[in-house]
Amino acid sequence: MPDQMIRLASPLQLDSFVDGPGIRMVLWTQGCPHHCEGCHNPQTHDPNGGKLFAVKDLIEQIKSEPLQSGLTLSGGEPFWQSDLLIPIAKAAKERGLSLWAYSGFTFEEIMADDKKKKLLELLDVLVDGRFVLAKKDYRLRFKGSSNQRIIDVPASLKAGEVIRSSYDADNQKLQ
């Protein structure tokens, strides 16, 4: 069986402080159906852009980075490649990393799709919703526009409804 390959916009990024709490690794997936006006990563929209990376190599790299406290899945649209991200997410969880994802899909849209839901069930936090340029606010913490939600995924799955993360309490803004 050939190695599974995932299309990413760039190699695994280390030492991010803006894509979730702590020192994080970020996987920038390639391909996005949303094409949000004002997107800060328009180069990730083309599903044929970026480069192919071996899933097993990414897992090994994630396992070998001792100073990282979390992994963030961003893009592009991570849920477009959910099948390939599942083994990566499982490896991150086994290592004890916090797992975040940014998606233009809403929690409800992801829940309605069994394939996407399997990746969602591995997450600690989901930042959901399309970026809306008219609602952009640089002071928002961990999200780009005020319509987006920072969701506590385990609590939401247990409750059967969206539970906002404490990171989204009162739409926290940077001072």
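Each chain carries its own residue numbering, running from 1 in the direction its sequence is written. Per-residue local features are limited, in this predicted model, to residues with pLDDT of at least 70; the limit for side-chain atom pairs, both in listing and counting, is 80 or more; totals at the level of whole chains, interfaces and linings are taken over all residues. Side-chain numbers here rest on the full set of heavy atoms in the structure, without hydrogens or water.

To get an axis, fit a line to the C-alpha atoms, keeping to the stretch in contact for a helix; angles then go from 0 to 180 degrees between the N-to-C directions. For the purposes of this entry, the term helix denotes a DSSP run of H or I that reaches at least four residues, the term strand denotes a run of E that reaches at least two, and both are numbered from the N terminus. At their nearest, the axes of helix α1 (residues 55–63) and helix α2 (residues 82–94) sit 9 Å apart, and the two run at 20° to each other. When the axis of α1 is compared with that of α2, the two are roughly parallel. Considering the relative orientation of α1 and α2, their crossing is right-handed. From α1, V55, L58, I59, I62 and K63 reach across to α2, where they touch L84, P87, I88, A91 and A92. Looking at the contact of α1 with α2 residue by residue, the class counts come to nine nonpolar, no polar and one charged. These descriptions rest on fixed angle ranges, namely under 35 degrees for roughly parallel, over 145 for roughly antiparallel, 65 to 115 for roughly perpendicular, and the rest for oblique. Left-handed describes a crossing in which the near helix is turned anticlockwise from the far one by less than a right angle; the clockwise case is right-handed. Should any heavy atoms of two residues lie within 4.5 Å, those residues are considered in contact. Only Asp, Glu, Lys and Arg are considered charged, only Ala, Val, Leu, Ile, Met, Phe, Trp, Tyr, Cys and Pro nonpolar, and every remaining residue, Gly among them, polar.

Another aspect to go through is unusual backbone geometry. Each neighbour pair has its own omega, and for G75 with G76 the value is 25°, a cis peptide bond. The residue G76 is located in the loop between β5 (70–74) and α2 in this model. Even without glycine at this site, D15 takes up a positive phi of about 65°. Turning to its location among the elements, D15 is positioned in strand β2 (residues 13–16). Owing to a relative accessible area of 46%, D15 belongs among the partly exposed residues under this scheme. Three labels apply to residues, based on accessible area from a 1.4 Å probe with only protein chains included: buried if under 20% of the type maximum, exposed if over 50%, partly exposed otherwise in between.

Time to look at the side chain of E65. You can see E65 is positioned in the loop between α1 and β5. Nearest to the buried, unbridged E65 among oppositely charged side chains is R95, at 7.3 Å. For E65, the contacting residues outside a window of four places in its chain are L14, M25 and R95. Neither His nor the chain termini are counted; the positive set is Lys and Arg, and the negative set is Asp and Glu. Salt bridges, as used here, are contacts in which a Lys or Arg side-chain nitrogen is within 4 Å of a carboxyl oxygen on Asp or Glu.

Turning to the sheet that holds β5, a few remarks are in order. Spatially, the six strands line up as an open sheet ordered β2-β3-β5-β6-β7-β8, and their pairing is mixed. If you trace the sheet from one side to the other, it starts and ends with β2 and β8 (149–152), each paired once. Strand-to-strand twist across the sheet, computed as the mean angle between neighbouring axes with direction ignored, equals 25°. At least two DSSP bridges between two strands are needed for those strands to be called paired. Sheet topology places strand β6 (residues 98–102) next to strand β7 (residues 125–128); three bridges connect them, and they run parallel. Residue pairing in the sheet places W100 in a bridge with V125 of β7.

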